[in-house]
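In case you want the letters, here they are:
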Amino acid sequence: MNQKKNEEIILMDENGIRSDGRRWDELRPLRMEVGVLKRPAGSALVEMGKTKVLAAVYGPKEIHPKHLTLPDKAILRVAYRMSTFSVEERKKPQPSRREIELSKVIKEALEPAILLDFFPRTAIEIYILVLQADGGTRTASINAASLALADAGIPMKGLVSSVAIGRIGDSIIVDLNDLEDKYGDADIPMAMIPITGEFTLLQMDGIVPPDMFEKCLDIGYKTILKIHEEQKRTLRERYLKIKEEVMSNKKPRREQR
Amino acid sequence: MITEIKKEIISKIQKYSIEKLLSQGKRLDGRSLFEYREIKIYANPIEKANGSSLVMLGNTKVMVGIKLSVGEPFPDTPNEGLFIMHAELTPIASPYFELGPPSDYSIELARVVDRAIRSAEMIDLEKLVIIPGKKVWMLNIDIYPIDDDGNLIDASALGVIAALLSTELPKAEIVDEENGVIEIIKDETTPLPVRGIPSVVTFSKVGDYIIVDPTYIEENVSSARITWGFTHKGEICSIQKGESGGFKLEEIKLSIDVGLKKAEELRNKVTNQLAKNPRGPEVWEIIFGKSD
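Now for a look at the structure at hand. None of the values given here were measured: they were computed from a predicted structure.

## Observations regarding the interface of chain A and chain B
How big an interface is tends to be stated in terms of the accessible area lost upon association of its parts. Contact residues are listed per partner, giving 47 residues for chain A and 43 residues for chain B. Between chain A and chain B, the buried area comes to about 3,800 Å², and carbon and sulfur atoms account for 57% of it. Between chain A and chain B we count four salt bridges in total. Between the two partners, chain A and chain B, sit 16 residue pairs in polar contact (both at pLDDT 80 or more). Elements with a contribution of two residues or more to the side of chain A that touches chain B: helix 1 (3-8), strand 4 (75-82), helix 2 (97-110), strand 9 (198-208) and helix 5 (210-247) of chain A.

Below is the structure:
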């Protein structure tokens, strides 16, 4: 957002190649895995380039403190935390204002997808830990949390998928890394439930003219569908593996570890 | 850990009547869907602050004060002054606010307004430098909602903008540049270096309808909220979707189109109101009235 910094750091060369060698619409290497942790009801690890995020889901479980109980639906609790070593300079372990705001927006991004009225008087808890941050931690967190929810068997309208769209000068870019997030002209993280077509997270930092913003939304829509496919593939792979193991009378993988 | 925001329970029959009215293009208080409540802005009601404002958006009242101090710049931006925004939601504004550490809602409120003002580059931060790398002006902007009848975000943003426009920057003379010694001359002041006036426009989704400037009751029956920040040139400079519902693509596009028009309207409101309204202690009598 600062012009002077833009001149020093070249985010996109004349051939339209970005600082990490990607084209404008190319995602970073995406890796997703579900059921990575033993104790939580559901868990997932999502890597978007160097960004690595772990999510765990507990519940439906009893609520403490009790006065938060809702008679007609479950409550959703989300804690987004960054590890102290996830960033260049050690992050203080206390939750920052940024982490509290992100916990809130991530909760609100996931909540429309979850059928909370199936479990009145209970809590569903999501814990997110950023192991390494290189831009797009909230989008990776949402992707991981929605996989972990599915892994925990929590009924949902659909998976929530998320990506950030950005702007460097006149070009729109997809899935920003830390450098592009800091020195690009805009960063628009968004999340959607592809099955219902609802946007459940939309934020922005930076400046975008309105007509270009509509283009960003359309590109975000298409990119989110790609991530959604990858999430579905990850889940399918995991559960087909379990199915095979059960069919061949082997112990499921989770028990073996 | 983020849990539910405490909300008032609104009866289903009231929710139904609100939605039915919306289907006829009307709202409980007689407004149309894309109409703001009456806005009154008062500049400098607090003499001890360097800049302050009181905004009345219908029955919503927000007070904003700015205190200046001299501090060190952040190491990565040695040639920029800085501002810090903070919002405090106390029970004076609503029975649903509690004392104690800042709630997630108050943090979100401060950060959403902060992002809009910062992204729009309303203040020329480079002009707040006294000695590069050593001494810069720090603006502590504090938001105190005093009556919450809905849409605290827009009211707070108007308040911050008005307070910034009314802030007077004292003259700082360099005594010893090497050791960072300066002298502040309080009597010689200049207005803050303002580039342009941004606007913040918030929409709520009630049933299938998108409305601007929700009241407290409308907020309680709404499923989702979206806030747009616009620069003075009409570019989008910040967005925040809030609450636990979603928006369809068409609904987002509709809110940009309406938001752009409303942004213009708000900008004119700020300049007009600041130009004509009284300043200082006179304001108190207008706002709270004389006790009989």
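Read on, since the account is not over.
## Some remarks on the nonpolar core
Generally speaking, soluble globular proteins have nonpolar side chains that are buried together. Counting 128 residues, the largest nonpolar core has Phe-213 of chain A together with Leu-164 and Trp-228 of chain B as the members making the most contacts within it. Sort the elements by how many residues they give to this core and helix 3 (residues 152-165) of chain B lands first, with ten residues. Ignoring sequence-local partners within four residues, the contact set of Trp-228 of chain B consists of Phe-213 of chain A together with Ser-199, Val-200, Val-201, Phe-203, Ile-236, Ser-238, Ile-239, Ile-252, Ser-255 and Ile-256 of chain B. In this structure, Ile-10, Ile-18, Leu-22 and Leu-33 of chain B belong to the second largest nonpolar core, which totals seven residues.

## Let's talk about the pairing of strand 6 (residues 161-168) of chain A
Moving residue by residue along a regular strand, the side chains alternate between the two faces of the sheet. Residues and elements named next belong to chain A. With eight of its eight residues buried, strand 6 lies for the most part within the structure. A two-sided burial pattern is seen for strand 6, the buried positions comprising Ser-161, Val-163, Ile-165 and Arg-167 on one face and Ser-162, Ala-164, Gly-166 and Ile-168 on the other. Summarising the sheet, strand 6 and strand 8 (residues 186-193) pair through seven bridges and their orientation is antiparallel. Counted as the bridge partner of Ser-161 is Met-192 from strand 8. Where strand 6 and strand 7 (residues 171-174) come together, four bridges link them in antiparallel fashion. The residue of strand 7 that forms the bridge with Gly-166 is Ile-173. With antiparallel pairing between neighbouring strands as the criterion, strand 6 and strand 7 make up a hairpin whose turn holds two residues, including Gly-169 at a positive phi of roughly 60 degrees.

## Describing the packing of helix 2 of chain A against helix 3 (residues 137-151) of chain A
All names here are of chain A. It is the contact of helix 2 with helix 3, at a shortest axis distance of 10 Å, that shows an interaxial angle of 45 degrees. Our classification of the angle between helix 2 and helix 3 gives oblique. The chirality of how helix 2 crosses helix 3 is right-handed. In this structure, helix 2 contributes Arg-98, Leu-102, Ile-106, Ala-109 and Leu-110 to the contact, and helix 3 contributes Thr-137, Arg-138, Ser-141, Ile-142, Ala-145 and Ser-146.

The rules behind these values
Residues numbered from 1 in each chain as written. Chains lettered and ligands numbered in written order. Predicted model: local features only at pLDDT ≥ 70, side-chain atom pairs only at ≥ 80, totals over all residues. Heavy atoms only, no water. Contact = heavy atoms within 4.5 Å. Buried area = accessible area lost by both parts, 1.4 Å probe. Salt bridge = Lys/Arg side-chain N within 4 Å of Asp/Glu carboxyl O. Polar contact = N/O pair within 3.5 Å; in protein donor to acceptor, adjacent residues only side chain to side chain. Helix = DSSP H or I, 4+ residues; strand = E, 2+ residues; numbered from the N terminus. Core = buried A, V, L, I, M, F, W, Y, C linked by side-chain atoms within 4.5 Å. Buried < 20%, exposed > 50% of the residue type's maximum accessible area, 1.4 Å probe, protein only. Pairing = 2+ DSSP bridges. Axes fitted to C-alpha atoms, helices over the stretch in contact; angles between N-to-C directions. Parallel < 35°, antiparallel > 145°, perpendicular 65-115°, else oblique. Left-handed = near helix turned anticlockwise from the far one by under 90°.

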